[in-house]
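What follows is each chain in one-letter form.
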Amino acid sequence: KSQKAPFEIGFKVSDLNERLRQDLGLDENIKKPVITDVDPSSLAAMAGLQPGDVILEVNKKQVTSASDVTKNLKKDTNSLRIARGRQIIVVTFGA
């Protein structure tokens, strides 16, 4: 089940299950939360986040679940370290 990111950031995140893994074509060794939806007019979209992005860290804290992601997001500026395909990207966005 997807969780909505707080503070109107504009994305939904979910723990990775087998169906999502197959839908997104993600490798079996990935065990991190994944972005499932991005509101096209949101901060998340403007920062370049995309469905299928695997979240590794939120504000320099490692995350292993969707609830870790939502718990570590702040109201003002956030930094997400994500994996997209074979790239590791750091995305920073703020209110």
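The rules behind each value
- Residues numbered from 1 in each chain as written.
- Predicted model: local features only at pLDDT ≥ 70, side-chain atom pairs only at ≥ 80, totals over all residues.
- Heavy atoms only, no water.
- Helix = DSSP H or I, 4+ residues; strand = E, 2+ residues; numbered from the N terminus.
- Rg over C-alpha atoms; globule rule 2.2 N^0.38 Å.
- Buried < 20%, exposed > 50% of the residue type's maximum accessible area, 1.4 Å probe, protein only.
- Contact = heavy atoms within 4.5 Å.
- Areas by Shrake-Rupley, 256 points an atom, 1.4 Å probe, with all protein chains shown as cover.
- Lys, Arg positive; Asp, Glu negative; His and termini not counted.
- Charge placed at Lys NZ, Arg CZ, Asp CG, Glu CD.
- 1 Å grid on protein atoms, 1.4 Å probe; cavity = no way out; pocket = protein on both sides within 12 Å on 5 of 7 lines; lining within 4 Å.
- Points joined across faces, edges and corners; volume = space filled by probe spheres on them.
- Nonpolar A, V, L, I, M, F, W, Y, C, P; charged D, E, K, R; others polar.
- Salt bridge = Lys/Arg side-chain N within 4 Å of Asp/Glu carboxyl O.
- Core = buried A, V, L, I, M, F, W, Y, C linked by side-chain atoms within 4.5 Å.
- Pairing = 2+ DSSP bridges.

Undergrad: Explain the overall build of the protein to me, and be specific about the residues and the numbers.
TA: Looking only at helices and strands, the protein features three helices and seven strands. A compact globule built from 95 residues would reach a C-alpha radius of gyration of about 12 Å, and the protein, at 12 Å, matches this within 12%. Dimensions of the protein, computed from the C-alpha atoms along their principal axes, are close to 35 × 25 × 25 Å. Here the protein holds 95 residues, and 42% of them are scored as buried. The contacts in the protein between residues at least 6 apart in sequence include a share of 45% that link residues at least 24 apart. With an accessible surface of roughly 5,700 Å², the protein has 47% of that area assigned to carbon and sulfur atoms. In the protein, the 15 positive side-chain charges and the 12 negative ones have mean positions that sit 4 Å from each other.

Undergrad: Let's hear about the layout of surface pockets: which residues, and what values?
TA: Taken as a whole, the largest pocket encloses approximately 330 Å³ of empty space. Surrounding the largest pocket, 17 residues form its lining, L26, I30, V54, A83 and G85 being those nearest its centre. Of all elements in the fold, only β4 (54-58), β6 (77-84) and β7 (87-94) reach the threshold of two or more residues within the lining of the largest pocket. Classifying every residue of the lining of the largest pocket by side-chain character gives seven nonpolar, four polar and six charged.

Undergrad: Residues and numbers for the pattern of salt bridges, please.
TA: As enumerated under the stated definition, the model contains five salt bridges in all. As a salt-bridge pair, R19 and D23 come within 3.9 Å of each other at their nearest N and O atoms. Note that R19 and D23 are positioned in helix α1 (residues 18-24) at a spacing of four residues, about one turn of the helix. Between D68 and K71 there is a salt bridge whose closest N-O contact spans 3.7 Å. Taken together, the residues span about one helical turn, with D68 and K71 both in helix α3 (residues 66-72) at a distance of three residues.

Undergrad: Summarise the nonpolar core; cite the residues concerned and give the values.
TA: With 18 residues, the main nonpolar core has F11, L49, I55, V69, L73 and L80 as its most contacted residues. Of all the elements in the fold, those that place two or more residues in this core are β2 (11-14), β3 (34-38), β4, α3, β6 and β7. The residues touching I55, leaving out its near neighbours within four places in the chain, are F11, V13, K32, P33, I35, V63, V69, L80, R81 and I82.

Undergrad: Describe the pairing of β7, naming the residues involved and giving the relevant values.
TA: Looking at chain direction, β6 and β7 are connected through eight bridges and run antiparallel. Bridge pairing in β7 places R84 opposite Q87. Between β6 and β7, which follow one another and run antiparallel, lie two residues, and G85 among them has a positive phi close to 65°.

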